[in-house]
Amino acid sequence: MPEQSPKAYEPGKIESKWYEFWLEQGYFTPKIDHQKKPFVVIMPPPNVTGKLHLGHALTDTLEDIMVRWHRMKGEPALWLPGSDHAGIATQVIVEQQLAGQGLSKNDIGRERFSEMAWEWAKKSRENISYQHRMLGASCDWTRDCFTLDEGPSRAVRTVFVHLYDKGLIYRGERIINWCPRCQTAISDLEVDHKDIEGHLYYIRYPLAEQEGFVTVATTRPETFFGDTAVAVNPEDKRYRSMVGKEVILPVINKKIPIIADAAVDPSFGTGALKITPAHDPTDFEVAQRHNLLLVNVMNADATMNEEAGPYASLERFACRDRLLADLRDKGLLEKMEPYRQSIGHCNRCRTMIEPRVSLQWFVHTKPLAESAIKAVKDGSITIIPEHFTKVYFDWMENIRDWCISRQLWWGHRIPVWYCQGCDGLTVSVDTPLACEHCGSNQIVQDPDVLDTWFSSALWTHSTLGWPVDTEDLRYFYPTSVMETGYDILFFWVARMIMLGLEDTGRVPFHTVYLHGLIRDENGEKMSKLRGNVIDPVEAISEYGIDALRFALTTGSSPGNDINLGKGRLESSRNFVNKLWNASRFIFQSMDAEVVKGQALETTEAGRPQCIEDRWIKSRLNRLIDDVGKLMGSFQFGEAEQQIYEFVWSEFCDWYIEIAKIRLRNDDLMPSPLPYLVSTLEKSMCLLHPFMPYITEELWHRLKQCLPGKSQMPASIMIAQYPVADKKSIDAEAERTMEAVIEIIRSIRNTRAQHKIKSNRWIEAQVYADELLPDIASQAKFIETLARVRPLDILSRVERRPEEKETLVLVLKEAEVVIPLAGMVDRLAEKQRLIKEREVTQARISQVNIRIKDAAFLDKAPPHIVEKEREKLHILEDKLGRLESELSQLG
Ligand SMILES: [Zn+2]
Ligand SMILES: [Zn+2]
């Protein structure tokens, strides 16, 4: 006797048990089988600084859906997990830990600092892995990778050396984004731009050889110590005579020339610009054209350096205030105007970026971008949703060189050694013992590390063993799908495409699937400030993992944001409970059947005897077919929605309710159990990728109920994903059951409208023609489910004018006549029919307009046009019947 299912589904108890079971069975580790094409997803590696948030939950759910689906289709499915050392972010955390003890990183030195960061990373990785497990992620832990592992690190050095040798990595002085807090260069992508209310300051620069001034307008007066020229537009008549003369920088009394450059906009400020090439990208370019000096006026922490003379060591904004006061005293500050401008901030620590000239390492990206553009253009890579393709091209076609060096201690150290003897560079994968130019052993490694995204750009192949030609690399590369948020298309996806192609000659993946952001139920961004953040850990403990996964993905579509609130979570939990209760009923019925000693088959061959069995089988196979197509086109949310509707409505609300009646009445044989069981089994298989836990639990309970007879695999995870049996599609049975359901629904609605007590039986006659015998075969169900007795199912030709007062429901395939017996008055009934006639007439004219529209007829496929004609026919038929009912009412 199988154990009884508990009344309520308790996710907490069930979830932990199954994850352990799957792990023990080794289901997450694919077997390499050269006869089969594998399905491969490399997980976007979460930062080791990360705590589980809904974004991870969404990523995990979507990837798990894909991987479980492909695994059930019999493909060797690899989902490779990993984590990212997250350069700046981790360094910031360790520095904060140190600051808590009153220490700085320089106090403890690079080695000890690195040890602390490793300790942090280790703890954090355990936590991350626990979080993935919590979400049911069926990823292969035996292949878990960390960006700083030996393999991926060697890949990083190999790529660096290769690109350097090819001339695609170079070291140069360029204006970069400098974060004074993190004290490192950061890439353009790591800068957030914010609009700030500031000022435009008009400062007078006295002319050197004569009386008078040139007034320049600037938003950054404190950088003026680094001015090396004043520039005007060569066409600007106001300044033409001054070009070639000199001005004196006030306060520090330095002479600088007035130059003419076409890049100057005469309409901005006074038309004269101060040129500070070491602190502004545009000025840097002007300086290149005019051979101007680069004067850096700040220290790494954005305090002023010795170039600022008396202002040295002041913080940049303190310097600004004091300088402005001094200029005002001297009468050199002409005026200030409010000015709004967009200013870059470090996206890690929110500090205002200081653009400054700096000697850094860069990747010359243009040649790499060309092949990456081609791969998307020629269809080797498909981006879903499609509209991101244009965004991708725009970015790639205008790509700028990528600054890859970071002044950090945590990360992949740049594999370059400087010789103190000959000044030569040795660039090498392995640590060299001597300078490759002069043989000196006086060589020092570059102190900087690489941008974190440099290692993640290699993630699709470095995790599979590259540069070593491993079996994994040969079998699993190129991977199938790269699934990630659209917000890191450039940071990550674009760079993976560039470097995947460069390193392996092949695309890193065939499909890019971009998901949207999660917002609250009103579509607002979730933020701590708004107080609308949903913590996935709390959501899981309240609703269960399956309900969270389902709420995150049902009805969603690629690239679109998802609105998640309590309502969605609750309705997902209700669905889980509905499934549980329906299954409990089936299991209990099976026990009874076994007791009666009746044979129980789970696979039914041939066409079923009863219409309702034919119907559920037909609907199920239609669903299987649709779901297969939707999954294949990455419409997971829509697939889920359709499974949900089938299970909730057709299976639970209708088929199971009908089956209950059959099971209660011995005379209504054959038993519906084979269809109950097979529909449940197939529905659970369809649902498994979305809701792995409850489906696994129910699978095992079902297995227990089928002692000795079952061919069911040991886990639903390795069961075959259902394949549609098109022969079972039965339009006739669907038409009948649709009519039966409409009859029951309309009687139920009438009962509700007239507030008839649920235990009261009412009388009804159903009139039909073509479907009469089939509807009649369902009489028992109509009777029970609509609570009508006596129920007569008659031919329309037998219809006589009613003697008593009646209510007539005109349906698609039938009329239902309910004697009123004082339930409603005649007038109200007449009004109701008139109203319904109006609605029907309106719909007829709509359809009429449509099928007479030349454009529609031209464009629509024939079966759609046919459908519209059929609709019109049905509506006209209904209208005719409404007319005759009305004429009978008089
Ligand atoms: Zn910063
Ligand atoms: Zn040397």
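For the structure itself, consult the block above.
Residues numbered from 1 in each chain as written. Chains lettered and ligands numbered in written order. Predicted model: local features only at pLDDT ≥ 70, side-chain atom pairs only at ≥ 80, totals over all residues. Heavy atoms only, no water.

Further remarks concern helix 19 (residues 673-687). An ideal rise of 1.5 Å per residue puts 21 Å on 15 residues; helix 19 measures up with 21 Å between its terminal C-alpha atoms. Burial runs high along helix 19: 13 of the 15 residues are buried. (Helix = DSSP H or I, 4+ residues; strand = E, 2+ residues; numbered from the N terminus. Expected span 1.5 Å × (residues − 1). Buried < 20%, exposed > 50% of the residue type's maximum accessible area, 1.4 Å probe, protein only.)

On to unusual backbone geometry, then. Trans is the common state for peptide bonds, and a negative phi is the common state for residues other than glycine. In this model, I384 is joined to P385 through a cis peptide bond whose omega is -5°. Along the chain, P385 turns up in the loop between strand 15 (382-384) and helix 9 (388-397). Here the amide bond leading from R789 into P790 is cis, since omega sits at -5°, within 30 degrees of zero. The backbone phi angle of N291 is positive, close to 50°, even though this residue is not glycine. The topology assignment puts N291 in the loop between helix 6 (281-290) and helix 7 (316-329). Residue classification places N291 among the exposed positions, given a relative accessible area of 71%.

A complete count under the given rule lists 34 aromatic pairs for this structure. For the pair W453 and F491, a centre-to-centre distance of 4.8 Å together with 25° between the ring planes defines the contact as stacked. Linking W453 in helix 10 (residues 452-456) with F491 in helix 13 (residues 489-504), this pair joins segments that are 38 residues apart in sequence. F491 carries the same exposure label as W453, and that label is buried. (Phe/Tyr/Trp six-rings, centres within 6.5 Å; stacked < 30°, edge-to-face > 60°.)

Our next topic: the coordination of the zinc ion (ligand 2). Distances from the zinc ion (ligand 2) to its protein donors, namely C419 (SG), C422 (SG), C435 (SG) and C438 (SG), fall within the range 2.3 Å. Relative to the metal, the 4 donor atoms surrounding the zinc ion (ligand 2) lie at angles of 103 to 113°, and the coordination shape comes out tetrahedral. Read from N- to C-terminus, the donor residues coordinating the zinc ion (ligand 2) fall into the pattern C-x2-C-x12-C-x2-C. Within this pair, whereas C419 is found in strand 18 (residues 416-419), its partner C438 is found in the loop between strand 19 (425-427) and strand 20 (443-445), the two being separated by 19 residues in sequence. Looking at C419, the relative accessible area reads 3%, which means it is buried. What makes C438 partly exposed here is its relative accessible area of 41%. (Donors = N, O, S within 2.8 Å, 3.2 Å for Na, K, Ca; no water. Tetrahedral: all angles 85-135°; square planar, octahedral: opposite > 155°, others 65-115°.)

With respect to topology, 3 strands assemble into an open sheet ordered 8-7-13, the strand pairing being antiparallel. Each edge of the sheet is formed by a strand with only one pairing partner; in this case those strands are strand 8 (213-218) and strand 13 (333-346). The sheet shows a mean angle of 20° between the axes of neighbouring strands, taken without regard to direction. One ladder, built from 6 bridges, connects strand 7 (residues 191-206) with strand 8; its direction is antiparallel. Across the sheet, the residue bridging to Y202 is A217, located in strand 8. Across the sheet, helix 7 touches strand 7 and strand 13, and the angle it forms with strand 13 is around 165°. (Pairing = 2+ DSSP bridges. Axes fitted to C-alpha atoms, helices over the stretch in contact; angles between N-to-C directions. Contact = heavy atoms within 4.5 Å.)

So, about the packing of helix 2 (residues 54-72) against helix 15 (residues 545-553). Where helix 2 contacts helix 15, the axes come no closer than 10 Å and their chain directions differ by 90°. On the basis of the axis angle, helix 2 is roughly perpendicular to helix 15. Taken together, the residues of helix 15 that come into contact with helix 2 (itself represented by L54, A57, L58, T61, L62, D64 and I65) are L548, R549, L552 and T553. Across the contact of helix 2 with helix 15, the residue classes tally to 7 nonpolar, 2 polar and 2 charged. (Parallel < 35°, antiparallel > 145°, perpendicular 65-115°, else oblique. Nonpolar A, V, L, I, M, F, W, Y, C, P; charged D, E, K, R; others polar.)

With that settled, the discussion passes to the sheet that holds strand 28 (residues 806-810). Spatial ordering of the open sheet is given by 27-26-29-28, a layout of 4 strands whose pairing is mixed. A single partner strand is all that each edge strand has here, and the edge strands are strand 27 (788-795) and strand 28. When strand polarity is set aside, the average angle formed by the axes of neighbouring strands in this sheet is 20°. Relative to strand 27, strand 26 (residues 762-768) is paired through 6 bridges, and the arrangement is parallel.

Attention now goes to the coordination of the zinc ion (ligand 1). At 2.2 to 2.4 Å from the zinc ion (ligand 1) lie its protein donor atoms, namely C179 (SG), C182 (SG), C346 (SG) and C349 (SG). Note that the zinc ion (ligand 1) binds 4 donor atoms; their angles at the metal cover 102 to 117°, and the shape is tetrahedral.

In short, the description is geometric, and any link to function would need to be established separately.
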